[in-house]
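What follows is the residue order along each chain.
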Amino acid sequence: MACKAENNVPAVGAREAARGRTISWMHVLVEESEERTRFLPCPCLQCDDPPCTKVCPVYATYRNPEGIVAQVYARCIGCRFCMAACPYNAKYFNWLTYQKDAPGQNPDVSVRPKGVVEKCTFCHHRLQKARERARAERRELVAGDYVPACAEACPTRAIAFGDLSDESSDVARLARSPRAFRLGEALGTKPKVIYLVETEAHRRV
Amino acid sequence: MSDATLGRDAALLVPIVKTGRGFYVTVTILGLLIAWGAVAYWTQFDQGLGVTGLHQPVSWGFYVTNFVFFIGISHAGTLISAILRLTKAEWRRPITRMAEVITVMVLLIGAGQILIDLGRPDRLMNIFRYGRYQSPLLWDATSISAYFFASTVYLYLPLIPDIAILRDHLGGKRRFLYSVLAMGWTGTEHQQKILNRAIAILAVMVIPIAVSVHTVVSFVFSMTIQPMWHSTIFGPYFVAGAIFSGIAALIVAMGIIRRIYHFEAYLKPIHFRYLGYLLLVMTLLWFYLTFAEYLTGYYGSEPEEMKVFWSKFTGPFWPFFWAMVVCNLVIPLILLVRLRHHAVGKTVVASISVVIGMWLERFNIVVPTLSNPRLPFPEGQYWPTWIEWGETAGSFGLFILFYVIFVKLFPIISIWEIREGREVGVKEVEERLLTYLPDGAEPERAHDRAHDRARALT
């Protein structure tokens, strides 16, 4: 919900949802077995070698210098090639005009018209704001200045967000844990979202 | 060029001169199909792609299937006709034109499918403004437009002498059209020489372009890392499938034209038999490539690949998969092995089966992979709505309408090439045959031959 509110992710309605048109930037995959149920919240994994950006014909999706896989809604022609290429199905399409005028929308995030692809941006607008604030305060951007809505809202702190390239950061330490795994690691897409299993013994991808 | 020379081939002008009731009935039916397609597209344009059956994760469906299918059909034409011309296959004469027309018309329809598929057709120009050449979609755009222009010229050039015949024989409103298009053709030796050379150059050029077209169409799929798409065999597999469906479409067109316009004297069983053998070869080649593709997938037995594999073999896509096998392999194989009798009927039936089978093949490539995502996504079966059916029907209708209009305006069997076959070809083949034999004379220089041919025609 935090994600939906933050990013103006539209509610498509029951009829559209039943037809498989739900838009949910952070899709929660559920794995059920006899002994337990596991949840795998799956935002865009922000691959360092993203299959989706390679196929875009118009530079509407690209990996920006900060490593976020961005989507330019105003340029996307809606060919859905990136959706077909993404092995994680992390991209969503506006099949109809889902975004109606509604109060309470976040003014920092553009609404999407029909016919374009949208996706999780790690709350990129928050990064832009944090950077502006840091500049106004005449200081460098520091860890903690910017957290996406999902990490901020998670009540059990199951989502950690930080700078992976900083060796001493919490997330870098967690990423080195033997419990850490990435989705579809063998595909070579180098996702920046890293999961931790309960114990090493549970480790399987 | 006098009436006397046209005499024997006057029948070829009949479709242009006479317009029967059948023509209007056909056009009306096609018009209805196109109207259905137009209403469907307007609805989709107005409301968004949500009116189709597409969803997450099956974000590509009928339109992309049609795109691959129609572009495949386009290989009928130019490629076949170019190969037959270059190999000096004399039996090509009555069929090259109808093959070339298929190519030009179907390329328009095929490229149109991508436009229909776009969520934002209004932003199509972004492909030129912000075009990103690393995307296989741009390779498609380049290759297909090159093929379209090359094959249009390749259709037009051999048409010039025939347009001149029409200009000289027909009066009325169309005369102006023919005068312009004939570009002052009078059939002089010099003109004929230039024309023959231009056709020969284009015939050579168009073959690599045609091969590139369906190779890059396959790259749209094989350049991703999706199971059963990411395959090195896809380029040649698609090209072979394209030629396969192209020959089939050509035979169907020949069968229909022969029936309607009573061209039995021109389109003889032998033409169907020869093309039938070609189709048989392509049937076996298609089977070989399909077999290689699926067997390697099966032995690799990667879980993701196998999910798609079984969904085709026994899962929800089994009717489409096995119908494809029946249409593309079983029926043509049974019908085409013996063509001594009933060659026309057998090849036409086999061809209809192959056209259906190849559409299913494209569908079996596009949809099952998307239906089986790697992550446990909620799966939904893809069912097209009336929108997709309408646009598909409209596309077929438009293609056939284009073809019908062409037949109404221009001779569908090349008059001058038939005449050339009669006047020059027979002698040339005899001479050529003699040069193959041990006691034959040295082959003539090509230059002299073209010279002779030009002289003989004037």
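What counts and what doesn't
Residues numbered from 1 in each chain as written. Chains lettered and ligands numbered in written order. Predicted model: local features only at pLDDT ≥ 70, side-chain atom pairs only at ≥ 80, totals over all residues. Helix = DSSP H or I, 4+ residues; strand = E, 2+ residues; numbered from the N terminus. Rg over C-alpha atoms; globule rule 2.2 N^0.38 Å. Buried ≥ 20, exposed ≤ 12 C-beta atoms within 10 Å, placed from the backbone. Contact = placed C-beta atoms within 7 Å. Nonpolar A, V, L, I, M, F, W, Y, C, P; charged D, E, K, R; others polar. Pairing = 2+ DSSP bridges. Domains from an automatic or database assignment. Axes fitted to C-alpha atoms, helices over the stretch in contact; angles between N-to-C directions. Parallel < 35°, antiparallel > 145°, perpendicular 65-115°, else oblique. Left-handed = near helix turned anticlockwise from the far one by under 90°. Core = buried A, V, L, I, M, F, W, Y, C linked by C-beta atoms within 7 Å. pLDDT = per-residue confidence, 0-100. Expected span 1.5 Å × (residues − 1). Bend = angle between axes of the 7 residues up to and from the residue.

A. Quick look at the overall build of chain A. Assigned secondary structure in chain A consists of seven helices and eight strands. Its C-alpha radius of gyration of 18 Å places chain A within 12% of the 17 Å reference for a compact globule of 205 residues. Each principal axis of the C-alpha atoms in chain A carries an extent, and together these give about 55 × 45 × 35 Å. Every one of the 205 residues in chain A was classed for burial, and the buried ones make up 34%. Nonlocal contacts in chain A, meaning residues at least 24 apart in sequence, comprise 48% of its contacts between residues at least 6 apart.

B. Structural view of the overall build of chain B. Check the secondary structure of chain B and you find 19 helices and zero strands. Oriented by its inertia axes, the alpha-carbon framework of chain B measures out at about 75 × 55 × 45 Å. Counting every position in chain B, which comprises 458 residues, the buried fraction comes to 46%. Long-range contacts, defined as pairs at least 24 residues apart, comprise 82% of the intrachain contacts of chain B with a sequence gap of at least 6.

C. Region of interest: the interface of chain A and chain B. Of the residues lining the interface, 37 residues belong to chain A; the matching set on chain B comes to 37 residues. Mapped onto the side of chain A that touches chain B, the elements with two or more residues apiece are β1 (27–32), α3 (51–55), α4 (81–85) and β5 (91–93) of chain A. Counting residues per element, the side of chain A that touches chain B draws most heavily on α4(A), at four residues. Split by residue class, the side of chain A that touches chain B holds 23 nonpolar, six polar and eight charged.

D. Geometry of the pairing of β1(A). Residue and element names in this part refer to chain A. Two elements, β1 and strand β2 (residues 37–42), share six bridges in a ladder whose sense is antiparallel. Bridge pairing links Glu31 to Arg38 in β2. Counted between consecutive antiparallel strands, the loop separating β1 from β2 contains four residues.

E. Broad picture of the domain arrangement of chain B. All names here are of chain B. Taken domain by domain, chain B comprises domain 1 (1–216 + 383–413) and domain 2 (224–372). Distance between the C-alpha centres of domain 1 and domain 2: 22 Å. The interface is formed by 31 residues belonging to domain 1 together with 30 residues belonging to domain 2. Listing elements by their share of the side of domain 1 that touches domain 2, those giving two or more residues are α2 (14–17), α4 (62–73), α5 (77–86), α6 (96–117) and α11 (189–222).

F. Summary view of the environment of B:His342. Looking at the secondary structure, you find B:His342 in the loop between α15 (318–336) and α16 (343–371). For the pair B:His342 and B:Tyr237, spaced 105 residues apart in sequence, the C-alpha to C-alpha distance is 31 Å.

G. Just the packing of α5(B) against helix α12 (residues 234–261) of chain B, in detail. All names here are of chain B. Where α5 meets α12, the closest approach of the two axes is 9 Å, and the angle between their N-to-C directions is 85 degrees. Accordingly, the angle class assigned to the pair α5 and α12 is roughly perpendicular. For the pair formed by α5 and α12, the contact residues are Gly77, Leu79 and Ile80 on the first element and Ile243, Gly246, Ile247 and Leu250 on the second. Looking at the contact of α5 with α12, its residues break down into five nonpolar, two polar and no charged.

H. Fine view of the packing of helix α13 (residues 269–300) of chain B against α15(B). All names here are of chain B. α15 packs onto α13 with a crossing angle of 145 degrees between their chain directions and a minimal axis gap of 10 Å. Of the two possible hands of crossing, α13 and α15 adopt the one that is left-handed. Residues Gly276, Leu279, Leu280, Thr283, Trp286 and Phe287 of α13 lie in contact with α15, whose contacting residues are Asn328, Leu329, Pro332, Leu333 and Leu336.

I. Broad picture of unusual backbone geometry. The amide bond that connects B:Gln56 to the next residue, B:Pro57, takes the cis arrangement and shows omega of 5 degrees. Considering the arrangement of structural elements, one finds B:Pro57 in the loop between α3 (21–47) and α4. One non-glycine residue, A:Asn8, lies in the positive phi region at around 55 degrees. Summarising the element assignment, A:Asn8 is placed in the loop between α1 (2–6) and α2 (14–18). One non-glycine residue, B:Met183, lies in the positive phi region at around 50 degrees. Owing to 11 C-beta atoms within 10 Å, B:Met183 belongs among the exposed residues under this scheme.

J. Local environment of the nonpolar core. Residues and elements named next belong to chain B. In this structure, Met98, Ile102, Ile247, Leu250, Ile251 and Leu279 are the most contacted members of the largest nonpolar core, which totals 158 residues. Among the elements that take part in this core, α12 stands out by supplying 17 residues, more than any other. Lining this core are residues from two domains, each supplying at least three of them: domain 1 (1–216 + 383–413) and domain 2 (224–372). Aside from chain neighbours lying at most four places away, what touches Ile102 is Ile73, Ala76, Gly77, Ala249, Leu250 and Ala253.

K. Here's a closer look at the confidence of the model for chain A. Considering every residue of chain A, the mean pLDDT works out to 87; 96% of them sit at 70 or more. The element-level mean pLDDT for chain A is lowest in β1(A), coming to 84, with strand β6 (residues 117–119) of chain A highest at 94.

L. Molecular detail of α16(B). Residue and element names in this part refer to chain B. With 29 residues, α16 extends 41 Å from end C-alpha to end C-alpha; this agrees with the ideal 42 Å at 1.5 Å per step. Of all the bends in α16, the greatest reaches close to 25 degrees and is centred on Asn364; the proline Pro368 follows between one and four positions later. The element α16 is extensively covered by neighbouring structure, given that 25 of its 29 residues are classed as buried.

M. Region of interest: the environment of A:Arg157. Within the element layout of this structure, A:Arg157 appears in the loop between α6 (149–153) and α7 (170–175). For the pair formed by A:Arg157 and A:Trp25, sequence separation is 132 residues and the distance between their alpha carbons is 19 Å.

N. Quick peek at the environment of A:Ala84. Looking at where A:Ala84 falls in the secondary structure, it is placed in helix α4. Along the primary structure A:Ala84 and A:Leu141 are separated by 57 residues, whereas in three dimensions their C-alpha atoms are 36 Å apart. Non-local contacts of A:Ala84, meaning those with residues more than four positions away in its chain, are made with B:Ser59, B:Trp60, B:Thr224 and B:Leu370.

O. Focus on the confidence of the model for chain B. The share of residues in chain B with pLDDT of 70 or more is 94%, and the mean pLDDT across the chain is 88. Within chain B, no element has a lower average pLDDT than helix α1 (residues 3–6) of chain B, which sits at 55, and none a higher one than α4(B), at 94.

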